Structure formats: structure tokens, C-alpha cells
There are 2 protein chains.
Amino acid sequence: MSLIKSVLEGNRLSISRLLSQVENNSPESHAVLAELFPHTGKAHLIGVTGAPGTGKSSLVNQLALHYRKSDASRKKIAIIAVDPSSPFTGGAVLGDRVRMRDLSGDDCVFIRSMASRGSLGGIAQTTASFTQVFDAAGFEIIIIETVGAGQSEVDIARLAHTTIVVEAPGLGDDIQAIKAGILEIADVIVINKADRPGVEVTERALRSTLELAHPTKRVVRHHGKNMSTGDYSITQTDTNKIIWIPPINKTVATEGKGIAELAESIAKHADHLRQSGDWAARDRARLVSELDALIREDLMSRFLENIPQAKYDEVVEKVLNRDLSPYEAIKFLVNLTSTALPQGERDDGK
Amino acid sequence: MSLIKSVLEGNRLSISRLLSQVENNSPESHAVLAELFPHTGKAHLIGVTGAPGTGKSSLVNQLALHYRKSDASRKKIAIIAVDPSSPFTGGAVLGDRVRMRDLSGDDCVFIRSMASRGSLGGIAQTTASFTQVFDAAGFEIIIIETVGAGQSEVDIARLAHTTIVVEAPGLGDDIQAIKAGILEIADVIVINKADRPGVEVTERALRSTLELAHPTKRVVRHHGKNMSTGDYSITQTDTNKIIWIPPINKTVATEGKGIAELAESIAKHADHLRQSGDWAARDRARLVSELDALIREDLMSRFLENIPQAKYDEVVEKVLNRDLSPYEAIKFLVNLTSTALPQGERDDGK
């Protein structure tokens, strides 16, 4: 049986094998991904991000357990853990081992850590490809968990349909500054470790930052028609555009508290996306961004093929000696390839 | 007087103006940067990174104050704070305001926050250009502080001559996983907030992770000639290559404790870099990485100029409808430009 067919049937061994090929960016994997692509577009992609120490991994585990246990939705779930520690050591492997305890033995949950080797574009690209593999293999919920709180993690998480930002009480001073930025991308906010002291302070801070981050929504809230229910509010503006105001969920992941409510917030957000047309908009944004990254990689590798190594090294040497500025160097190198290309892809010294 | 001349003379207003031009990626700024470039290469670049909540900003402030106050080295210091919250809201501005309190009024300290707008490549590129401006303007120490703990922040910080990784006791569970990765790039490790409980545990964990991250050095420590002094060790191996083992400094930045010792570690690392030849190696790595980023940007903008928007949108639509996979789409688009280019940079429908 072909690899493609067995992946489409959800064979775990085949999926594993393909993911490894994708991670190594093997040329064969490109062909397989192209074949799988028509079968994608069905999964709900959930991004989970937040600063270290917020307990993201436990939360993701509990969420997966909830989806598996609740009678209403025995869905197939994939978890992609993007782990920034892995370029260096075995962080990803360790992560898997710890998480296996709760979810091992369940054939419908697939956890895969991703070593964030290579360039940032590479991480985003591999994440996109992983997502496509799971999507084609029939996983209905794909959780992309990014460890860390940097721009790259945010960029990866925001490409999901639903982005969950996890916070926790009492996490130091400069977290506050990060919150404003990270909240802007949040569809659902979670205060995890909500049994800790300071949870009210955190919630108050989040609410005021949220109003800062969504100033239009704040105005709307006062002047528009507010159909708020509890923590929840979908607001209708004059332009008939339905606006989503991120709910704040409180959880204690280690005890499984608040997980059902979080799952409900996520489901409501999915409904909102479908009703508002934002589901398609997010699909488009994700694919455009993937195309962009692929084009950049392709252009760069073509460029390097067309520059003789000796020539490149010579230019680098000139820059190091401050004989040439970086901008001048680029102009020189790029002109070299564009004059070389029409004459049969060789540098003829012109 | 020209902008270039007044920047070279260290005029603060001119520097400010140029930095804004650089941040907006204005074409004029490229020309100015090219003119300034021959005057660069003198500054000691210090990268400071670590997870949120470790007190990095206070540490950087105290370090700058120390350099200014200590009689031995009244150096000109620039601080570039790369702030991931800023693409969305005024995180950078807030940061500046808070920090002004201690360092304002000192003409030889220049603090500039950088909104991390646009792509990640953009952040790295702007950081590199900022560094060159300060370097040319005679700032002897340039501290690049990255808020956050993601891959991008690590990538930016590691391009410095000396990379300082800041930790703090008791910062939650999944920080441990990040440490291993981040320690690999550390030249100097700081345990800030060292008056907190759990500092011994943190130090022990760091030391064992450090041995994991530098397995060769661990062997060397036992078999080589160890010229250790206190926390400090420079080890000579058989191959005559001097190996640097990152010292662990303990600080309480808010009280100024341990800052002088940290400055000493940094100075020793600078000496080590010069003696071992690694200073030039790091300069080379930084410039090569800058060239790489510039080439990618240049290729991409040329590519987009050569693709008619309608054609591009058509391809995106096909991908959205799953009629074309991303890899097939790229192949199609790139072929379009490479056939179009030789005939005068226009798509002639061929």
C-alpha cells in the first residue's frame, strides 16, 4: 500500500514516517504533501501560546483528554508541540515522554514534538506541513502548542483558526509588557493556575489590557448592541460585522478544572468563525503566508546555485574588511546572478 | 552639516533621526548606512536574553549605570531593546519611560526600543543596522536586549560578541526545558533575583544542564589543563584551542548586587574572544547572516515586482480551492518569473 493511501487512512506508523521526512525536508515528502493537499481543509486548528511557566503543556493535555472523554465529541486529536529548546538538545523528546503518561494508549491522540531546527521560516514551514499531514489523515482537531513567548511563536500560533493565549498569576514584571502584544492575537484567553494568589489582579490587568488592545471593541461595547452572556460577548456593530471579544477562561489544568468551559469557548469561537466568514479568511491568510515562505526558500536556493562559492566568499571578505557595505554587497551579488541567468545560468565574468 | 557627519560626531538628535529612518526602512537610510559602514567594527556587542520575569531590563540598566559610574571605564553605551509587544501597542514606549528614570540626563547612554514590526527577518535586519549606527557614532558598548524567550530572540542575541542569558529562581516548570537550548548560546549566565528562595536549586540545575550542553567541555575539565579561578575557567585543550566555559554570575539587579562581578565576567569574555580569534569569527558570522537576510528580502521584492498581482491572486485562489498544492504553486510562480525575466522583466503571457 502506498504511503499516501495509508496516511489518508490514518495509519500511525505511516504518519510518523511521513512527519520525519517532512522534518528533514526530503524532496519525496514534497510530492507526498502535494498529493495529500486536496484532502486537507477540514480540521480545526487551535494555536496555544503564552510565556514559559504558565502551564501550557498541562492545559493542552487536559484539553485533549477532555475531547476524548466527553461523550459529545470523541474526536481524533493531534498535538504539535513546537519546542524552541530542541535545536540544541533533546527537549522535544523529554517533552513527549512526560506527556505520554496521560495520553498514551489512546490511538486517537497523536502527539508530535517538533525540533525547531534551522531557520525560523523552516519552523513555520514544517508546522504548516505537519498540520496538512494530520488534516489529511482525518484528525479533526489539531493543537499547535508553541513553547516560549517570542515573536516567532506568536507568528506560528496566530496562523491557527483559534488562538489561545495562556497566562498565569504572578509571573513577574516584564510579562505585563508582553501581554498587550500577545493579547492582540488572542481569540480565547486562559488564566491557568487560577488557584494561585493574585488571580484577581491578573484578571483585572488582563481586562484592562484587553480594552487597550481592542479599542474599537470597547467603543462598540458601549454604543452597539451587546449580546453578552456572562463572560462572553459577541457584538453586532452598525456595519453588520460580527465582532468577537475574547472571553477569559480560568483553569487549573493540573486538576482538570475549567477545561470543559474552555472547550466550550473554543467551540463558540469556531461557530463565530464559520458564521462571520472569518474561517475562510484565516485559511487564506495561512496559505498566503505559507506560499510566501516557500517562495523565499526557493528563491534563495536558486540564487545560491547561481553564485560561485569563491565569488560569494570574496564579497564576504570585502564586507568584513569594510571595503564594501552590506547593501553594496547585495547589489553586486544580485546583479551578478541576473546578468548570468539569461546566458545559461553561469557566471561568465561579465 | 550632513547627517552622516553629525552621526559620526555622536550628535544624539541626528542619531535619533537616522534610527527612525532605518526603522522605516527608507531608501535614504540605506545610502547613509553604506557611508557609515567603514566606521564600524569597534564596539563590543553584548546580547542579553532570557525568559520573561527574570528581570533583564533592570539588569541591563544596572550594567549601564555600572559602566558609567566605575572610574576605569566611562564608556559610551547604547541599549537596543527589541520588544516583541510593540507590533501591536506601545510596549516600546512604555519601556522607555520606565527606564528613563535611572539613566536619563546621561548624555553618554542612549536607550532605544525597537518595535518589532514586520517580518522576523525585518527585526534582525533593523537590529543589525541600529548596531552599525551606534558603532559608527562611537558607542563602545552596545547592549542588545531581547524581551522574550523564543527562537527569534535567541537568534538576535547570539549575533552579539558576548551573549548573556538571564535566569531567575523559581520560574515554573517548562522553563527547565528551554534552559538547555538557551544555555548552549550563553557566554555568561546570570541568576538574577538571587535573593529569592530556590537560588541553590536553580544554580545546581544550571550547572548540570551546562555540562549537558557542553559535553566536550566537561571531559576537558577533567583531563585538560584547567586554569580555573573561582567561578571562572578557561581551559586549554590538546589542540591548543582555548575553550570558554560560561561562568554563572549571581545578581540582585534591583539592589545593584553582583553587577561589578558581571561586568568583570563580560570583560574577561571579551579578552578571551580577542585572544582566541573568536572575535573575528563572530563578526564574520554576524555579517554573513546579515547578508543572507538582505539577499532574501531583495530577491523577494524583485520577485513580487515581476509577478502581476492578478496572476498571483489567481494562484492563491487555486491553492485555497485545493486545486493546486503550495509546492506546485511555487513551481508555477517561479517558472513564470524566470521565463519572464530575460525578455525585459515583463510577463508576456508565455
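Parameters and conventions
Residues numbered from 1 in each chain as written. Chains lettered and ligands numbered in written order. Predicted model: local features only at pLDDT ≥ 70, side-chain atom pairs only at ≥ 80, totals over all residues. Helix = DSSP H or I, 4+ residues; strand = E, 2+ residues; numbered from the N terminus. Buried ≥ 20, exposed ≤ 12 C-beta atoms within 10 Å, placed from the backbone. Contact = placed C-beta atoms within 7 Å. Axes fitted to C-alpha atoms, helices over the stretch in contact; angles between N-to-C directions. Left-handed = near helix turned anticlockwise from the far one by under 90°. Nonpolar A, V, L, I, M, F, W, Y, C, P; charged D, E, K, R; others polar. Parallel < 35°, antiparallel > 145°, perpendicular 65-115°, else oblique. Pairing = 2+ DSSP bridges. Expected span 1.5 Å × (residues − 1). pLDDT = per-residue confidence, 0-100.

Visitor: Can you lay out the overall build of chain A for me, pointing to particular residues and giving the numbers?
Guide: On a plain count of helices and strands, chain A comes out with 14 helices and 10 strands. Looking at chain A as a whole, 45% of its 350 residues are labelled buried. In chain A, the share of contacts with a sequence separation of at least 24, taken over all contacts with a separation of at least 6, comes to 71%.

Visitor: Please set out the packing of helix H12 (residues 278-306) of chain A against helix H13 (residues 309-320) of chain B residue by residue, giving values where relevant.
Guide: Between H12(A) and H13(B), the shortest axis-to-axis distance is 10 Å and the interhelical angle comes to 120°. Once H12(A) is placed against H13(B), the crossing between them reads as right-handed. Contacts from Asp283(A), Arg284(A), Leu287(A), Val288(A) and Leu291(A) of H12(A) reach H13(B) at Val316(B), Val319(B) and Leu320(B). By residue class, the composition of the contact of H12(A) with H13(B) is 6 nonpolar, no polar and 2 charged.

Visitor: Tell me what's going on with the packing of helix H11 (residues 259-276) of chain B against helix H12 (residues 278-306) of chain B, and back it up with residues and numbers.
Guide: Residues and elements named next belong to chain B. For the pair H11 and H12, interaxial distance at closest approach is 5 Å and the crossing angle is 90°. Classified by the angle between their axes, H11 and H12 sit roughly perpendicular to one another. Residues Leu 273, Arg 274 and Ser 276 of H11 form the contact with H12, whose participating residues are Asp 278, Trp 279 and Arg 282. Looking at the contact of H11 with H12, its residues break down into 2 nonpolar, 1 polar and 3 charged.

Visitor: If you had to explain the pairing of strand E5 (residues 162-167) of chain A to someone new, which residues and values would you point to?
Guide: Residues and elements named next belong to chain A. In terms of residue burial, E5 counts as a mostly covered element, since 6 of its 6 residues are buried. Bridging between strand E1 (residues 44-50) and E5 involves 5 bridges; their strand directions are parallel. Within E5, the position partnered with Val 48 by the bridge is Ile 164. Sheet topology note: the E5/strand E6 (residues 188-191) ladder contains 4 bridges and is parallel. Across the sheet, Val 166 pairs through a bridge with Val 190, a residue of E6.

Visitor: Could you give me a rundown of helix H13 (residues 309-320) of chain A, with the residues and numbers involved?
Guide: The terminal C-alpha atoms of H13(A) lie 16 Å apart, and with 12 residues this matches the ideal 16 Å at 1.5 Å per residue to within 8%. Taken from the residues just after H13(A), Arg322(A) is the one with a positive phi, measuring 60°.

Visitor: Residues and numbers for unusual backbone geometry, please.
Guide: Residue and element names in this part refer to chain A. Of note in this structure, Asn 25 is not a glycine but carries a positive phi near 55°. Tracing the backbone shows Asn 25 in the loop between helix H2 (12-23) and helix H3 (27-36). The phi dihedral of Lys 193 falls on the positive side, at around 55°, and the residue is not glycine. Secondary-structure assignment places Lys 193 in the loop between E6 and helix H9 (199-213).

Visitor: Can you explain the confidence of the model for chain A? Please cite residues and give values.
Guide: Residues and elements named next belong to chain A. Averaged over all residues, the pLDDT of chain A equals 78, while 71% of them reach at least 70. Across residues 217-239 the pLDDT falls below 50, and counting only partners more than four positions away or on other chains, this stretch makes 31 contacts in the model. A low-confidence stretch, residues 340-350 (pLDDT under 50), is modelled with 14 contacts involving residues beyond four sequence positions or located in other chains. Reported confidence for the predicted complex is 0.76 by ipTM and 0.72 by pTM.

Visitor: Can you break down helix H11 (residues 259-276) of chain A residue by residue, with the values?
Guide: End to end, H11(A) covers 26 Å across 18 residues, agreeing with the expected 26 Å (1.5 Å per residue, within 8%). Looking one or two residues past H11(A), Gly277(A) carries a phi angle of roughly 85°, positive in sign.

Visitor: With reference to specific residues and values, describe the environment of Ser113(A).
Guide: Summarising the element assignment, Ser113(A) is placed in strand E3 (residues 109-115). Placed 91 residues apart in sequence, Ser113(A) and Val22(A) show a C-alpha to C-alpha distance of 13 Å.

Visitor: If you had to explain the pairing of strand E1 (residues 44-50) of chain B to someone new, which residues and values would you point to?
Guide: Residue and element names in this part refer to chain B. Burial analysis of E1 places 7 of its 7 residues in the buried class, the great majority of the element. Side chains His 44, Ile 46, Val 48 and Gly 50 of E1 all project onto a buried face; the interleaved residues Leu 45, Gly 47 and Thr 49 project onto the opposite face, where all are buried too. The sheet contact formed by E1 and strand E4 (residues 141-146) spans 5 bridges and is parallel. Across the sheet, Leu 45 pairs through a bridge with Ile 142, a residue of E4.

Visitor: Go over the environment of Asn24(B) with me, naming the residues and quoting the values.
Guide: Residue and element names in this part refer to chain B. Summarising the element assignment, Asn 24 is placed in the loop between helix H2 (12-23) and helix H3 (27-36). Given 11 C-beta atoms within a 10 Å radius, Asn 24 is considered exposed. The spatial distance from the C-alpha of Asn 24 to the C-alpha of Val 7 is 18 Å, given a sequence separation of 17 residues.

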